[in-house]
Amino acid sequence: MKDFFTGLQFLTRIRIVEQTDWSPDSFGRSVKYFTLIGVVIGLLLAGLAYVFAQFLPSHVLAAVIIIAEIILTGGLHCDGFMDTADGVFSGRSRERMLEIMKDSRVGANGVVAFGLLLLLKYSLIADMAPAMLITALFLMPVAGRMAMVISITSFPYARPDGMGKAFAQYAGRTTLVIAGIIALITIIPFGMQAAISAGSAVLAGVLSARYFAKVLGGLTGDTYGAITEITELVALLVFII
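Residues numbered from 1 in each chain as written. Predicted model: local features only at pLDDT ≥ 70, side-chain atom pairs only at ≥ 80, totals over all residues. Heavy atoms only, no water.

Taking 1.5 Å as the rise per residue, helix α7 (residues 108-126) with 19 residues should run 27 Å; its terminal C-alpha atoms sit 27 Å apart, in good agreement. Listed in full, the buried residues belonging to α7 are G110, A113, F114, L117, K121, L124, I125 and A126. (Helix = DSSP H or I, 4+ residues; strand = E, 2+ residues; numbered from the N terminus. Expected span 1.5 Å × (residues − 1). Buried < 20%, exposed > 50% of the residue type's maximum accessible area, 1.4 Å probe, protein only.)

Let us now look at the pattern of salt bridges. Where charged atoms of side chains with opposite charge meet at close range, the side chains can pair. As enumerated under the stated definition, the model contains nine salt bridges in all. We note a salt bridge from D25 to R29, for which the minimum N-O separation is 2.9 Å. One end of the pair, D25, and the other, R29, are both in helix α2 (residues 24-30), four residues apart, so they sit about a helical turn from each other. Accessibility expressed as a relative area gives 29% for R29, which makes it partly exposed. The salt bridge partner of D103 is R105, with a shortest N-O separation of 2.8 Å. Residue classification places D103 among the partly exposed residues on the basis of a relative accessible area of 25%. Here R105 falls in the exposed class, since its relative accessible area comes to 62%. Residues participating in the shared-partner salt-bridge network are E69, K121, R145, E229 and E232. (Salt bridge = Lys/Arg side-chain N within 4 Å of Asp/Glu carboxyl O.)

Glancing now at helix α10 (residues 175-187). With 13 residues, α10 extends 18 Å between its outermost C-alpha atoms, agreeing within 8% with the 18 Å of an ideal straight helix rising 1.5 Å per residue. Restricting attention to buried positions, one finds in α10 the residues T175, A179, G180, I182, A183, T186 and I187. All buried residues of α10 lie within an arc of 160° about the axis, which places them on one face of the element. Exposed residues lying more than 90 degrees from the buried face of α10 are V177, L184 and I185. Against α3 (34-52), α8 (130-154) and α11 (192-216) lie the buried residues of α10. (Arc of directions from axis to C-beta. Contact = heavy atoms within 4.5 Å.)

Note that every value here comes from positions in space, so none of it alone points to a role or purpose.
Spelled out as C-alpha cells, the structure:
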C-alpha cells in the first residue's frame, strides 16, 4: 500500500497518508500501480459526469470535466505536454531541446499545442452521449497510465538525472506485467468497443514515445506527461468514432 500511496500522491492531488519518504526506489516501485491510480481517477471523473449530466448542458459538462481532471492531477501532465511541445517543435539541436524542456517558462509552441489539445478534448466530451461518456471517462485515465508505464519501462531515459529518472531506473522487471494485468481486468468487462478504444489509445501513446525517444535520444518526465495526454485524447476520439 505504501508504494501505491506514493504513486497516488505524486500523480494526483489526493492526500490520504502523511508521507515523508520520497526516495527514488519508492518512486520506481510505485510505477506498477499507475494503472490502478488511473482507475481511481477514472472513477472520480465518471462519477462527476454521472452526477452533473443530470442538470448541466453538454458543453458546460465538458468544461467541468476538463477542469476537474486538471485540478485532480494538479496539471502535472499538462505541464509535461507543454514543455515537450516547446522542446520538440523548437527545431533546435537535441541538447537545446532538452534545455528548453527544463525551462519552467512556457513558450508559444507549448501554449498553442495545449490550446489545441483542450479544444479537441472539449469537443469530444461535449459530443458524447452520457452513457458513452461515463464509460470513456472511466477508461481514459487507465489507458493513459498504461501508456506511461510502457514508456517508463521500455524506453531509455534522456537525461543523466531528474525526477523521471527514478521511475525508469527503479521500476523493476515485473512492473509492466502487473500494470498490464490491472489494465486488462479493468477494460475487458466493458466489451469490444472499450478494448478497441483503449488499445488504440495505448498504441498511439507508444508511437508518440517512440517518436520522442528518436528526437530526444530517450524520454524524460515531461514526455511521460505528454504521452499520457495524447493517449487520453486518442481514447476519447476512438470511442466516439
